[in-house]
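Geometric and topological summary
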Amino acid sequence: MSRFSINYPYFIIVSCFIVCILGVVGIMRLPVDIFPTIKIPAVAVATFYSGMPPEQIETTITARFERFFTLGNNIDRIESSSLPGVSIIKIYFQPGTDADIAVANIATLAMADLGRLPAGTLPPIVLKSDTSNLPVCLISLKDKTLSQAMLRDFGQFSIRDQVATVPGASVPLPFGGKYRQIMVYVDPIKLRSYQLSAMDVVRKINTSNLILPVGFAYLGQIYYNLFSNSQTTLEELNSVPLKTIGTSSAMVKDVGYAKDAAQIQTTIVLIDGEPSVYLPILRQGGGSNTIAIVDGVKKVLTHLVDVPKKLVTNVIFDQSLYIKNSIKSLVFEGSLGLVLTGLMILIFLSSFRATIATFFSIPLSVLGTFAILAFGDNSINAMTLGGLALAFSRLIDNSVVVLENIYRHLELGETPAIAAEKGGREVALPVLSATLTASIVFFPVILLYGVSKYLFSALALSTVIALFVSYVVAMTVVPLFCSRFLKSRDQHEGHPI
């Protein structure tokens, strides 16, 4: 390989240039996340029936779905939880099962069994289990002058819609606050006096509070679309007749009153001891970039419209900080390794040009690694960066061994071209053996399964690729540089470096 690099120098130079370009493009295009994509074939099914106790949820919803889901293909196991008003079933599939096909299969079975569930059961929600379901950041909303219901309204209907425009961001409903709702409070004693029940009030209000199309009308040259809106204010809602007794009617205000209030609060968010609301921001699949999503969310928060000026919005949790710190640590370790190695070579070989030769090792190896990773279904994450940090010492070792052997031949009086060819060829097999020895340590990773397989496979892959790229750099770039820029022993004596 050393003879090849010396005989075809322009090919090596062009190849290095292409690797640098592909590496930079790969870094820009690779998804950035805290962990690798964990492709666990699992599907979650959530079914809601408000107010039903867990025992009934288990008997009438969970058990029925569990028996029906066994008709699915490649199912490994089924886990379920029956909670007040909600049934949660998680179906795990055999390794290698396509998650999208599994979701479609379970969704079809769930809808087919919906008719056998109790009347009033909401259609089930079928979700694919994915690490992207974890929030990349949390947005908090605080304002002492606003009620909790108004905070939630601004978060759900204003800020949420604006943040959802960030590419790659998925924004679910906010947590905390109160959900605004028109409530009708009735007195049970007054209901009994009119021989009414709470359901009679519900039915009357539902049938009275309707917007119905009436028809069309021409008035002059204008064509009008007519509709009837029977309810507009709380006073009109209080005047809804519930029952006619003789010539008089019992109205809502006779048994209770309507109020602009909120649902019973089930979640409370306290930030610095103050009632608040927070919006979780999720990362969508398909190559989304965590850093770009968080930066986009922060930018949107600085240009919010249709919200009070006193409303304080903050990002209280930022997952991108961990990724940025990992990148900074990697750059620091790489730079420190380059400086210390260069200082060592400069002290022992007293050659500034030989020092420069080692400086190609880490940058070219890292860029080559990202160029290769970009061709697969990979991402920049803590495990990938950890693998590169683990390989940094070995990235320099290969080039140092080749450089020292080339320098030995120069000390024997050979020309730079011959010294580069012989020095590289003599250590090619030992350096390859050392690279294989370091790489074989990660062989047991292929025996892992589950979450650990996806986590440590990313670490092992980046480390092994970096090691072999460093070997190629040590066998091509370093000998080529030495043959062109280092000087023989006689030249050293006449022109000190």
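The coordinates are above.
A brief structural summary. Computed from a predicted structure; not experimentally measured. (Residues numbered from 1 in each chain as written. Predicted model: local features only at pLDDT ≥ 70, side-chain atom pairs only at ≥ 80, totals over all residues. Heavy atoms only, no water.)

**A short note on the sheet that holds strand β3 (residues 86–93)**
The line we're drawing: Strands were regarded as paired on the criterion that DSSP finds at least two bridges between them. The way it works is that DSSP assigns letters per residue, a run of H or I at least four long becomes a helix, a run of E at least two long becomes a strand, and they are numbered from the N terminus. Orientation is described by lines fitted to C-alpha atoms, with helices fitted over the stretch in contact, and by angles between N-to-C directions that extend from 0 to 180 degrees. What makes two residues a contact is simply this: any of their non-hydrogen atoms within 4.5 Å.
Pairing is antiparallel in the open sheet, where 4 strands are placed in the order β2-β3-β1-β4. Both outer strands of the open sheet, β2 (75–83) and β4 (125–128), are each paired with one neighbouring strand and no more. The sheet shows a mean angle of 15 degrees between the axes of neighbouring strands, direction not considered. Packing of helix α3 (residues 54–69) onto the sheet brings it into contact with β1 (42–48), β2 and β3, and relative to β2 it is tilted by some 165 degrees. Against the sheet, helix α4 (residues 99–113) makes contact with β1, β3 and β4, and its axis sits at roughly 170 degrees relative to β4, the strand it touches most.

**Some details on the pattern of salt bridges**
Definition in use: Any Lys or Arg side-chain nitrogen located within 4 Å of an Asp or Glu carboxyl oxygen qualifies as a salt bridge. Throughout, exposure labels follow a simple rule: accessible area from a 1.4 Å probe, protein chains only, divided by the maximum for the residue type, with under 20% read as buried, over 50% as exposed, and the rest as partly exposed.
Applying the stated criterion to the full structure yields 14 salt bridges. In this structure, Lys 142 engages Asp 272 in a salt bridge whose closest nitrogen and oxygen atoms are separated by 3.4 Å. In this pair, Lys 142 sits in strand β5 (residues 135–142) while Asp 272 sits in the loop between β14 (269–271) and β15 (274–283), placing the two residues 130 residues apart along the sequence. For Asp 272, a relative accessible area of 67% puts it in the exposed group. One salt-bridge network, in which partners are shared between bridges, spans Asp 76, Arg 77 and Glu 79.

**What to know about the packing of helix α11 (residues 320–349) against helix α14 (residues 382–411)**
The cut-off we apply is this: We call two directions roughly parallel when the angle between them is under 35 degrees, roughly antiparallel when it is over 145, roughly perpendicular when it lies between 65 and 115, and oblique otherwise. In this scheme the crossing of two helices becomes right-handed for a clockwise turn of the near helix relative to the far one and left-handed for an anticlockwise turn of less than a right angle.
Contact geometry of α11 with α14 gives a least axis separation of 10 Å together with a crossing angle of 15 degrees. With respect to α14, the element α11 is oriented roughly parallel. Both α11 and α14 take part in a crossing whose hand is right-handed. Taken together, the residues of α14 that come into contact with α11 (itself represented by Ile 323, Ser 326, Ile 327, Leu 330, Glu 333, Gly 334, Gly 337, Leu 338, Thr 341, Met 344, Ile 345 and Leu 349) are Leu 385, Leu 388, Ala 389, Phe 392, Ile 396, Val 400, Leu 403 and Tyr 407.

**Description of helix α15 (residues 416–426)**
Along an α-helix, residues three or four positions apart point the same way, because every turn accommodates 3.6 residues. Our working rule: The directions considered for the arc run from the helix axis to the C-beta atoms.
Within α15, the full set of buried residues consists of Pro 416, Ala 419, Ala 420, Gly 423 and Gly 424. The arc enclosing the buried residues of α15, seen along the axis, measures out at 115 degrees, which places them on a common side.

**Some words on unusual backbone geometry**
In the Ramachandran plot, Asn 74 falls in the positive-phi region, its phi being about 60 degrees despite a non-glycine side chain. Assignment of secondary structure puts Asn 74 in the loop between α3 and β2.

**Details of the packing of aromatic side chains**
The following threshold applies: For Phe, Tyr and Trp, rings pair up if their centres lie within 6.5 Å, where Trp contributes its six-membered ring, and each pair is then called stacked (planes under 30 degrees apart), edge-to-face (over 60) or tilted (otherwise). By definition, being over a ring means that NZ of Lys or CZ of Arg is both within 6 Å of the ring centre and within 35 degrees of the ring normal.
One pass over the full model with this rule turns up 5 aromatic pairs. Centroid distance Phe 65 to Phe 69: 5.2 Å. Interplanar angle 5 degrees. Geometry classified as stacked. One end of the pair, Phe 65, and the other, Phe 69, are both in helix α3, 4 residues apart, so they sit about a helical turn from each other. You can call Phe 65 buried: its relative accessible area is 0%. On the basis of relative accessibility, which here comes to 0%, the residue Phe 69 falls in the buried class. The side chain of Arg 77 reaches across the aromatic face of Tyr 92, ending 3.8 Å from its centre.

**Structural notes on the pairing of strand β12 (residues 248–251)**
Where strand β11 (residues 241–245) meets β12, 4 bridges bridge the pair, whose relative direction is antiparallel. Paired with Thr 244 across the bridge in β12 is Ser 249. Between β11 and β12, which pair antiparallel and follow one another directly, the connecting turn spans 2 residues, one of which, Gly 246, has a positive phi of 70 degrees.

**Topic: the environment of Asp 254**
Stated precisely, the cut-off is as follows: Here a polar contact means two N or O atoms within 3.5 Å. Within protein one must be a hydrogen donor candidate and the other an acceptor candidate, and residues neighboring in sequence count only if both atoms are side-chain atoms.
Here Asp 254 is to be found in helix α9 (residues 252–255). Only 2.8 Å separates the side chain of Asp 254 from the backbone nitrogen of Met 251, close enough to count as a polar contact.

**Observations concerning the layout of surface pockets**
Applicable threshold: Buriedness for pockets is judged along seven lines, at least five of which must meet protein on both sides within 12 Å for an open set on the 1 Å grid over protein atoms alone, while cavities are sets there where a 1.4 Å probe fits but cannot get out, and lining residues have an atom within 4 Å of a point. Grid points are joined across faces, edges and corners, and a volume is the space filled by probe spheres set on the points.
Within this model, the second largest pocket holds a volume of roughly 690 Å³. If you go around the second largest pocket, you meet 23 residues; those closest to its centre are Arg 152, Pro 172, Leu 173, Pro 174 and Phe 175. Only β4 and β7 (175–176) provide two or more residues apiece to the lining of the second largest pocket. Considering every element that reaches the lining of the second largest pocket, the biggest residue donor is β4, with 3 residues.

**Topic: a nonpolar patch on the surface**
Heads up, the rule is: Each patch is assembled from residues with relative accessible area greater than 30% and no salt bridge, linking like charges that lie within 9 Å and nonpolar side chains (Val, Leu, Ile, Met, Phe, Trp, Tyr) that lie within 5 Å. Calculation of accessible area relied on Shrake-Rupley with a 1.4 Å probe; when residues are assessed, cover is drawn exclusively from the protein chains displayed.
The grouping of Val 14, Phe 17, Ile 18, Ile 21, Leu 22, Val 25 and Phe 375 at the surface amounts to a nonpolar patch, some 670 Å² of accessible area in total. Relative to the helices and strands, Phe 375 resides in the loop between α13 (361–373) and α14.

So yeah, pure geometry; function would need other evidence.
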